[in-house]
Amino acid sequence: MTMSGAWRRTARGAGLLAADGTVAASIFAEMSALAMRTGAINLGQGFPDEDGPAVVLEAARQAISDGVNQYPPGRGQPVLLEAIARHQYRFYALELDPGNEILVTAGATEALAATILALIEPGDEVVTFEPFYDAYGGLIGLGGGIHRPVPLRAPDYQPDLDALRATVTDRTRLIIVNDPHNPTGAVFARQTLELIVELAQRHDALIVTDEVYEHLTFQAPHIPITTLPGAWDRTVTISSGGKTFSLTGWKVGWVSAPSSIITAILAVKQFLTYVSAAPFQPAIAAGLDLPDSYFTHIAAELEHKRDVLATGLRAAGFEITLPQGSYFIVADATPLGFTDGAELCRRLPELAGVVAVPITAFCSPANRADYAPLVRFAFCKKIELLEQASKQLANLSRR
């Protein structure tokens, strides 16, 4: 069976197919396979190497034993919807109707897919910050949208506000904001968030926020855009339990927004996964109800891991920007004599027994040259592993 020409053009434009028509393998799959093949320490893909809290794991086991193994309600199990509502009120003073303003999804990626496909028409413009989580570009392409990236530059990876003003126009349908930001680890300044709301109001655009690292900030608490004046009516907030509870394989995410927007997203979501993860939903609900001390502890622990790897990367000769949130550090390989981060990543297992991913994997083709020497390392690993990786990376400075 062959695909139609229209589908081939759409899939290729979305980055899903290579020029020869084969499936385009992601850099993450390539680097993880390289780590397995060589035995290198995998600091490429952003997943922890430790399980989440015991109470959450036990809640999943109990749910399975209790027979919570069939299709849950399409919007999500009430126990999780209500826990999300409590979480949003506890941390952000947001009052949500769990029955109408929240939707459970198969991770944040499905939430993004359903949201983008529901809210754009072919030809609509979608603004993101660049580098960007790779799914954004693919999903915008699948929806027939036009991707308009706004660059983030070292050393702080904050957007140029004039560039943002120039990019958002009356043709803009969505502004996608990933904060804390993957891959740079930037946390956007309040001034930036307020400008995004102002521009969305001026140009009648919707805001879509990807907040999966909301509890993993190191200097100041996370500020959801939807809490800012004038934002609620036009903001879709997306998050998940995977990063917060170190359970990335469970794929339990959620969307919150005004009920009319949730209805539009549900209309698409029901034809994607329909429902997901029945026994994991009450377990994530238990996690969201953990005391404040849990959330404070995970951020402090991750900050310590960040500092361990940052010290190792500097000692190896990289120039780095210390991230203010997320799982990741961006390192510039130029001082080591490498101007092509993708080439370095493919050689790192041989040179240092470590795997990372190039920042160009998070960029549109036209702009990759601007980020060519940059590499992303994940620090959501055991301290012992980060210390070992740091020792091995020191070999780079001895070349």
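Residues numbered from 1 in each chain as written. Predicted model: local features only at pLDDT ≥ 70, side-chain atom pairs only at ≥ 80, totals over all residues. Heavy atoms only, no water.

- The chain is annotated in an unreviewed UniProt entry as Aminotransferase class I/II-fold pyridoxal phosphate-dependent enzyme of Cryobacterium lyxosi.
- UniProt, in the comment section headed Sequence similarities (unreviewed entry), describes the chain in these words: "Belongs to the class-I pyridoxal-phosphate-dependent aminotransferase family."
- Check the Cofactor (unreviewed entry) section of the UniProt entry for the chain; it says "pyridoxal 5'-phosphate". (UniProt positions renumbered as here; feature names shortened; annotations may be inferred.)

1. Observations regarding the UniProt feature "domain: Aminotransferase class I/classII large" (unreviewed entry) in the chain
Piece 1. With numbering matched to this structure, UniProt assigns "domain: Aminotransferase class I/classII large" (unreviewed entry) to residues 40-364.
Piece 2. Spanning residues 40-364, this segment combines 39% helix with 16% strand, and its end C-alpha atoms are found 28 Å apart. (Helix = DSSP H or I, 4+ residues; strand = E, 2+ residues; numbered from the N terminus.)

2. A word on the packing of helix H11 (residues 292-316) against helix H13 (residues 383-393)
Piece 1. In contact at an axis separation of 8 Å, H11 and H13 are set at 10° when each is read in the N-to-C sense. It follows from the interaxial angle that H11 and H13 lie roughly parallel. In this structure, H11 uses His304, Lys305, Val308, Leu309, Gly312, Leu313 and Ala316 to contact H13, whose residues at the interface are Ile383, Leu386, Glu387, Ser390 and Leu393. (Axes fitted to C-alpha atoms, helices over the stretch in contact; angles between N-to-C directions. Parallel < 35°, antiparallel > 145°, perpendicular 65-115°, else oblique. Contact = heavy atoms within 4.5 Å.)

3. Looking at helix H4 (residues 78-92)
Residues three or four positions apart in an α-helix share a direction because the helix packs 3.6 residues into each turn.
Piece 1. The first and last C-alpha atoms of H4 sit 21 Å apart over 15 residues, in line with the 21 Å expected at 1.5 Å per residue.
Piece 2. Inspection of H4 places Leu80, Leu81, Ala83, Ile84, Ala85, His87, Gln88 and Tyr92 among the buried residues, and these make up the whole buried set.
Piece 3. Tucked into the core, H4 has its buried residues touching strand S2 (102-105), strand S8 (253-256) and helix H10 (280-288). (Expected span 1.5 Å × (residues − 1). Buried < 20%, exposed > 50% of the residue type's maximum accessible area, 1.4 Å probe, protein only.)

4. Let's talk about the sheet that holds strand S9 (residues 319-321)
Piece 1. Ordered in space as S9-S10-S13-S12, the four strands form an open sheet in which the pairing is antiparallel. Here the strands that pair on one side only, and so sit at the sheet edges, are S9 and strand S12 (357-358).
Piece 2. Across three bridges, the pairing between S9 and strand S10 (residues 328-332) is antiparallel. Pairing of Thr321 across the sheet is with Val330, part of S10. (Pairing = 2+ DSSP bridges.)

5. Some details on the packing of aromatic side chains
Piece 1. Tallying each qualifying case throughout the model produces 14 aromatic pairs.
Piece 2. Plain terms: the ring middles of Tyr213 and Phe328 are 6.1 Å apart, the flat faces sit at 80° to each other, and that makes the pair edge-to-face. You can see Tyr213 sitting in the loop between strand S6 (206-210) and strand S7 (235-240) and its partner Phe328 sitting in strand S10, a full 115 residues away along the chain. A single burial state applies to Tyr213 and to Phe328, both of which are buried.
Piece 3. Ring centres of Phe245 and Tyr294 lie 5.8 Å apart, and the angle between their planes is 20°; on these two criteria the pair is classed as stacked. Linking Phe245 in the loop between S7 and S8 with Tyr294 in helix H11, this pair joins segments that are 49 residues apart in sequence. Taken individually, Phe245 and Tyr294 each receive the classification buried, so the pair is uniform in this respect.
Piece 4. Among the aromatic residues, those joined into a cluster by ring pairs are Phe91, Tyr92, Phe245, Tyr294 and Phe295.
Piece 5. Above the ring of Phe328, the side-chain terminus of Arg376 is found at 3.6 Å from the ring centroid.
Piece 6. Taking the ring centre of Phe47 as reference, the NZ or CZ of Lys381 above it sits at 3.8 Å. (Phe/Tyr/Trp six-rings, centres within 6.5 Å; stacked < 30°, edge-to-face > 60°. Lys NZ or Arg CZ within 6 Å of the ring centre and 35° of its normal.)

6. Topic: the nonpolar core
Generally speaking, a soluble globular protein has its nonpolar side chains buried in company with each other.
Piece 1. With 127 residues, the main nonpolar core has Val236, Trp250, Phe318, Phe377 and Leu393 as its most contacted residues.
Piece 2. Ranked by residues supplied to this core, first place goes to H11 with nine residues.
Piece 3. Filtering out sequence-adjacent residues up to four positions away, Leu393 remains in contact with Leu313, Ala316, Phe318, Leu348, Ala352, Val354 and Phe377. (Core = buried A, V, L, I, M, F, W, Y, C linked by side-chain atoms within 4.5 Å.)

7. Concerning the domain arrangement of the chain
Piece 1. Segmenting the chain into domains produces domain 1 (6-51 + 294-398) and domain 2 (54-289).
Piece 2. The centre of domain 1, based on its C-alpha atoms, is set 24 Å off from the matching centre of domain 2.
Piece 3. Between domain 1 and domain 2, the contact holds 36 residues from the first and 39 residues from the second.
Piece 4. Note on domain 1 versus domain 2: buried area summed over both sides is about 3,000 Å², and carbon and sulfur give 62% of it.
Piece 5. Its salt-bridge partner being Asp370, residue Arg153 comes within 3.6 Å of it at the nearest N-O pair.
Piece 6. Linking domain 1 with domain 2 are 14 residue pairs in polar contact (both at pLDDT 80 or more), by the criterion used here.
Piece 7. Looking at the side of domain 1 that touches domain 2, the element that brings in the most residues is H11, giving seven residues.
Piece 8. The residue makeup of the side of domain 1 that touches domain 2, split by class, is 22 nonpolar, eight polar and six charged. (Domains from an automatic or database assignment. Buried area = accessible area lost by both parts, 1.4 Å probe. Salt bridge = Lys/Arg side-chain N within 4 Å of Asp/Glu carboxyl O. Polar contact = N/O pair within 3.5 Å; in protein donor to acceptor, adjacent residues only side chain to side chain. Nonpolar A, V, L, I, M, F, W, Y, C, P; charged D, E, K, R; others polar.)

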